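Read off the chains here:
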Amino acid sequence: MKRSSLHYILLTSRFEQIWFPLSFWAVFIIIGIIRGSEYIFDTTRAYLGTVIPLMGGITAAYAVLEDPALELRFSTPISAIRTLMERLLPTFTIQVLSALTFQIFASYFGADFSPIGGWGDVQLLWLVPTISLMSFGCLMAFISTQAPIGASVVGLVWIVQLVARSWFADGAIGQYVLVFMGVFMPEHPALHANQIVLFGLSIAFLIASLELLRRQERYI
């Protein structure tokens, strides 16, 4: 059964889920080489903390509803949670591999991540925002029943928070939902609370997505 499921995923996965994040990975590799070791920390921080979450959010919005065999899948006795995980996990894996390989590249150029913290802090810098935007993008796609709309909403939230990050960071509520706090404000006193809230929201978004996915008639 597991082998059959993996075979199905490989056959029905869209190549955009791979080449789209990979293209941005390649662009930032080139940028890192051009800018050199003097700016490798800034380049890596920008890629990990802003680009990877955006790629995760956009690709997650397309992960389920753009399945070319979605109606056929609905006609089989496959649980909604299995469908959701089988489509989101490959997308998440691509973001993880992109982040880790870029860190290896940055280390080769002598990147010093101590201003952010230890190894675990660096991983949280991109992991929490990525999970947040992925779950949000997935939910928006299900609510609108249109993957492009879900991806557009993710892009809109990304732009607004990136431009107005100081406003969010200073707000009594905004500081807890700012996805870029870890990358731009690693010493903010609300950082840990921010990460906990974002992770909690991610779980809530996934649960809501699961409930919407069970209403299969909305997507046929």
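Residues numbered from 1 in each chain as written. Predicted model: local features only at pLDDT ≥ 70, side-chain atom pairs only at ≥ 80, totals over all residues. Heavy atoms only, no water.

Is there a simple way to think about the overall build of the protein in this case?
A tally of regular secondary structure across the protein gives 10 helices and zero strands. Listing the helices and strands of the protein from first to last along the sequence gives α-α-α-α-α-α-α-α-α-α. Per-residue burial for the protein yields a buried fraction of 47% across its 220 residues. (Helix = DSSP H or I, 4+ residues; strand = E, 2+ residues; numbered from the N terminus. Buried < 20%, exposed > 50% of the residue type's maximum accessible area, 1.4 Å probe, protein only.)

Explain empty space enclosed by the protein to me, please; I cannot follow it from the model alone.
Space left empty within the atom packing is revealed by a probe, the size of a water molecule, rolled over the atoms. Counted according to the given criterion, the structure contains one cavity of 30 Å³ or more. Volume-wise, the largest cavity comes out at about 30 Å³. Lining of the largest cavity is provided by Leu124, Leu125, Val128, Pro129, Leu178, Val179, Gly182, Asn194, Gln195 and Leu198. When contributions to the lining of the largest cavity are tallied by element, the ones reaching two or more residues are helix H6 (119-144) and helix H10 (191-213). With four residues, H6 is the single largest residue contributor to the lining of the largest cavity. (1 Å grid on protein atoms, 1.4 Å probe; cavity = no way out; pocket = protein on both sides within 12 Å on 5 of 7 lines; lining within 4 Å. Points joined across faces, edges and corners; volume = space filled by probe spheres on them.)

What is the right way to look at the nonpolar core in this model?
In summary, soluble globular proteins display a tendency toward joint burial of nonpolar side chains. Within the largest apolar cluster, 55 residues are counted, with the highest numbers of intra-cluster contacts made by Tyr47, Leu48, Leu84, Phe113, Phe142, Leu178 and Phe180. Within the residue set of this core, elements represented by two or more residues are helix H2 (16-35), helix H3 (40-63), helix H5 (80-108), H6, helix H7 (147-163), helix H8 (165-170), helix H9 (181-184) and H10. (Core = buried A, V, L, I, M, F, W, Y, C linked by side-chain atoms within 4.5 Å.)

Just checking my understanding: could you explain H3 for this structure?
One turn of the α-helix equals 3.6 residues, which is why residues spaced by three or four share an orientation. The sharpest bend along H3 measures roughly 30 degrees and falls at Tyr47. With 20 of 24 residues buried, H3 is to be regarded as a mostly interior element. (Bend = angle between axes of the 7 residues up to and from the residue.)

What should I look at first to understand a nonpolar patch on the surface in this one?
Residues Ile81, Met85 and Leu89 make up a contiguous nonpolar surface patch of about 260 Å² in total accessible area. Mapped onto the elements, Leu89 comes out in helix H5. (Patch = residues over 30% accessible without salt bridge, like charges linked within 9 Å, V, L, I, M, F, W, Y side chains within 5 Å. Areas by Shrake-Rupley, 256 points an atom, 1.4 Å probe, with all protein chains shown as cover. Salt bridge = Lys/Arg side-chain N within 4 Å of Asp/Glu carboxyl O.)

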